[in-house]
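# Structural features, examined
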2 protein chains.
Amino acid sequence: MKPNFSLRLRIFNLNCWGIPYLSKHRGDRMKRLGDLLNMESFDLALLEEVWSEQDFQRLRQKLLPAYPAAHYFRSGVIGSGLCVFSKHPIQEFTQHVYTLNGYPYMIHHGDWFCGKAVGLLVLHLSGLVLNAYVTHLHAEYNRQKDVYLTHRVAQAWELAQFIHHTSKKADVVLLCGDLNLHPKDLGCRLLKEWTGLHDAYHETRDFKGSEEGCTMVPENCYVSQRELEPFPFGIRIDYVLYKAVSGFYISCKTLRTTTGHDPHSGTPLSDHEALMATLCVRHSPPQHTPDPTQGPAERSRLISVLKEAWTELDLGVAQARWWATFAGYVIGLGLLLLALLCALAAGGGVREVAILLWTPSVGVLLGAGAVYLFHMQEAKGLSRARAELQHVLGRAREAQDLGLESQPALLLGQQERDGGEEQ
Amino acid sequence: MKPNFSLRLRIFNLNCWGIPYLSKHRGDRMKRLGDLLNMESFDLALLEEVWSEQDFQRLRQKLLPAYPAAHYFRSGVIGSGLCVFSKHPIQEFTQHVYTLNGYPYMIHHGDWFCGKAVGLLVLHLSGLVLNAYVTHLHAEYNRQKDVYLTHRVAQAWELAQFIHHTSKKADVVLLCGDLNLHPKDLGCRLLKEWTGLHDAYHETRDFKGSEEGCTMVPENCYVSQRELEPFPFGIRIDYVLYKAVSGFYISCKTLRTTTGHDPHSGTPLSDHEALMATLCVRHSPPQHTPDPTQGPAERSRLISVLKEAWTELDLGVAQARWWATFAGYVIGLGLLLLALLCALAAGGGVREVAILLWTPSVGVLLGAGAVYLFHMQEAKGLSRARAELQHVLGRAREAQDLGLESQPALLLGQQERDGGEEQ
């Protein structure tokens, strides 16, 4: 690779709001999305909420000349909704489905059925290895009383760990997607601090688009105005995040968002705004001056966010165990009731009532059994994330004590520790 | 690192058969396992089927002086059963839970509730990065009519992909565990061909233990003799697999197995045999002569096993879809029946019968709904593995056409391809 190597990457990201039968003007919006992608010719278009595989196939046919490589990430009952279109050949792809993703009995929210995941693409561009990730985390339905907060924090952690472990040989890491997290939310900070990813909106000097970079704005006719009431400019929950790992330097030349309207026909492409970033990758000098943000201050931020996430997960574990215990008691009571009903049915008297009550009791028993199993599994999943987090926290603290001037994301590779992992 | 660098690694692997209340002499066997591990002082002990976290905690207390680092991998409802004890500090750990792992309604087999997974540990030993993986795949209950074959092939593929994507910066890769696969089974060949891992049993010149390296032998009093009837020496389903990646050379100096008895007290440690390997890692010369097995012959083996796995997964997808469709019809009929019952109940006449039948009908409907959702999810999971496999197959074929003398496991990193991925 030449020392004056320079690569320009044009990236597109959109949560397409493509729910069959429910999302308004879906066919028309998908058609116009295809037109836009063909016209603009991005290097990589990463899409979320393409719930119908037929929509993906139609887009694929339309985009084939300009984006010869494409992939749809399948998971869960409905799908992950994630897909990508690439101008360049995709070398490898795989995916990781999040262990926790809401509750099956919250049917009206539907997230559990989707199999939310992170998709990974490996691309080789002029000798440079690019790991591009696309994801969509659990939705936030009620910010004041967010029952999914713990799951979203656990997902952010799994996402950060997946990126951390799969990008060790990548030169450039790119993450796009709908994180369903505001920039200062715990999950977002955890992800950025642990992976070292930078936010294109904060890094670019040339931003054009919605106020404060919001990706759900009140101007968008598909957005519920009531939900955005506390946020006059809207909310920023879709991101382009990136970092260069080894000997490379990456910057965001321009970042554009749509502003609630399609520039041509007037109706927006989705209820979310699209992000369009132009990134520039260059060689960094061998002895690159360390970034002043990669010092003790950043490590201390990492420790603080790890602690916060640990506390959140710990609360989640306790709550999951409470539900499992409660379901356990219901199972016990249900079994007692069944035995009583069997005795009554055998003994005559209120026989008919007993027979009538028998099946609902079995139903309650089975339901409580399912709730028990689900929350046991939830507790295990949260405990797993908590244990991983605690290990990283321990190592970060050691590094802090030793006053190492290391990049947090590299902490684990630089210090050995003698003690066993805390449980 | 010195040019004459050499590292000896002593590895222990055992499927501990630690099912609370069901496995015979569990407490005693766990105690003796602890004694053995303390006495022998391995670098790394990787255990499967430690289903009770209390067993892990007891072992941990006992092994703390000799193995200061330990981790228990939590997942599913019951757990993954996986844990590790290490003489050296564990730098990082994470895990991947397999997307498909049997059927929830096969309660008597129980695998679905376990959350079978692969655990990853990153260790830094004298400057060398070791990625150690421990896993346990879905059990095989009936070799003649194996309903879990497709799931096990999908698990083997996910395992291979997880290793492939997370070990790119590792110097040495080690995989231990109970694969529930015979050496020539599709899943085992797929795993070895795609990751490039070598089998310690085949590689070592110094093997002592059971006939043909079997890890479930008829001499073991805990093993069902009936199940082993077709295999007079037993079966080999537990493995120590390894490879060195970059500039290192790894060999297996010795491999030992237990032989159905504990050398001291006479009763075995588990229904599986333990594997004890001594590995030696050395620097390889910068221009190491290419291994003659890494040529076109190996690529052709890879292509052949990928095709075979693709066919198996394709059958699995078709079957999963058939079940989902069948459940869909049952749902339709159930809804019709419910409507009929409601009409009868309202109209009098056979009112009591209608009311009596109402709840079982709802039960059938809910059951069919669950079966539908499960198999839809199964079809998605299998399609995902099939798509990844097809992509790799396409690239391997291209490499073959170009006559590249590349290592199959590195194929993806060496060739660009212009076409889109086939769906």
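Quick caveat: nothing in here was measured; it's all calculated off a predicted structure.

Conventions we followed
- Every chain is numbered on its own, with residues counted from 1 as its sequence reads.
- Just so you know, chain letters begin at A and ligand numbers begin at 1, following the order they were written in.
- Since the coordinates come from a predicted model, pLDDT governs what is reported: local features require at least 70, and pairs of side-chain atoms require 80 or more to be given and counted, while whole-chain, interface and lining totals use all residues.
- Here the side-chain values reflect all heavy atoms present in the structure, with hydrogen atoms and water set aside.
- When DSSP locates at least two bridges between a pair of strands, those strands are taken to pair.
- By the criteria applied, helices consist of DSSP H or I runs no shorter than four residues and strands consist of E runs no shorter than two, each listed in order from the N terminus.
- For this analysis, residues touch if any pair of their heavy atoms sits within 4.5 Å.
- Between N-to-C directions, angles cover 0 to 180 degrees, with each direction set by a line fitted to C-alpha atoms, over the stretch in contact for helices.
- Burial classes follow relative accessibility: with a 1.4 Å probe on protein chains only, a residue under 20% of its type's maximum area counts as buried, one over 50% as exposed, and anything between as partly exposed.
- UniProt positions are given in the numbering used here, feature names are shortened, and annotations may be inferred rather than shown by experiment.
- To estimate the expected span of a helix, subtract one from its residue number and multiply by 1.5 Å.

### Focus: the sheet that holds strand E1 (residues 6-18) of chain B
Hydrogen bonds between backbone groups are what pair the strands of a sheet, and the pairing can be parallel or antiparallel. Residue and element names in this part refer to chain B. Taken in spatial order, the 7 strands make up an open sheet running E3-E4-E2-E1-E13-E12-E10, and their pairing is mixed. On the outer flanks of this sheet lie strand E3 (69-72) and strand E10 (207-208), each paired with one strand and no other. Bridge analysis of E1 against strand E13 (residues 275-283) gives 8 bridges, and the strand direction is antiparallel. Looking at the pairing, Leu-9 lines up with Leu-279 of E13.

### Points about the sheet that holds strand E9 (residues 198-199) of chain A
In space, the 6 strands of this open sheet follow the order E5-E6-E7-E8-E11-E9 (chain A), with mixed pairing throughout. This sheet does not close on itself; its edge strands, each paired only once, are strand E5 (92-97) and E9 of chain A. Pairing analysis gives 2 bridges linking E9 of chain A to strand E11 (residues 238-244) of chain A, with the strands arranged antiparallel. Looking at the pairing, Asp-199 of chain A lines up with Leu-241 of chain A of E11 of chain A. Strands in contact with helix H4 (residues 149-166) of chain B are E5 and strand E6 (117-125) of chain A; relative to E5 of chain A, the strand with the most contacts, it is inclined by about 110°.

### Here's the deal with helix H5 (residues 186-195) of chain B
Quick reminder: α-helices carry 3.6 residues per turn. Residues three or four places apart thus point the same way. All names here are of chain B. Among the 10 residues in H5, 9 count as buried, and that is most of the element. For H5, the set of buried residues is Leu-186, Gly-187, Cys-188, Leu-190, Leu-191, Lys-192, Glu-193, Trp-194 and Thr-195. Backbone geometry just after H5 places Gly-196 at a positive phi near 80°.

### Quick notes on the pairing of strand E7 (residues 128-136) of chain B
Residue and element names in this part refer to chain B. In terms of residue burial, E7 counts as a mostly covered element, since 8 of its 9 residues are buried. Here strand E6 (residues 117-125) runs beside E7; their pairing, made up of 8 bridges, is antiparallel. The partner of Val-118 across the bridge, within E7, is Thr-135. From the end of E6 to the start of E7, which pair antiparallel, there are 2 residues, and Ser-126 there has a positive phi angle of about 50°. Of the pairings in the sheet, the one linking E7 to strand E8 (residues 172-178) comprises 7 bridges and is parallel in character. Each residue of the ladder has a partner; that of Val-134, found in E8, is Cys-176.

### Things to note about the UniProt feature "transmembrane region" (unreviewed entry) in chain A
This chain's UniProt record puts "transmembrane region" (unreviewed entry) on residues 326-347 and 353-374 of chain A. Note that residues 326-347 of chain A is 100% helix and 0% strand, and that its end C-alpha atoms are spaced 32 Å apart.

### Comments concerning helix H1 (residues 26-40) of chain B
Residue and element names in this part refer to chain B. An ideal rise of 1.5 Å per residue puts 21 Å on 15 residues; H1 measures up with 21 Å between its terminal C-alpha atoms. Taken residue by residue, H1 has Arg-26, Arg-29, Met-30, Arg-32, Leu-33, Gly-34, Leu-36 and Leu-37 as its buried positions. Turning to H1, the residues buried within the fold contact E1, strand E2 (44-50) and helix H2 (53-63). Note on H1: the residue one or two positions beyond its end, Ser-41, has a positive phi of about 50°.

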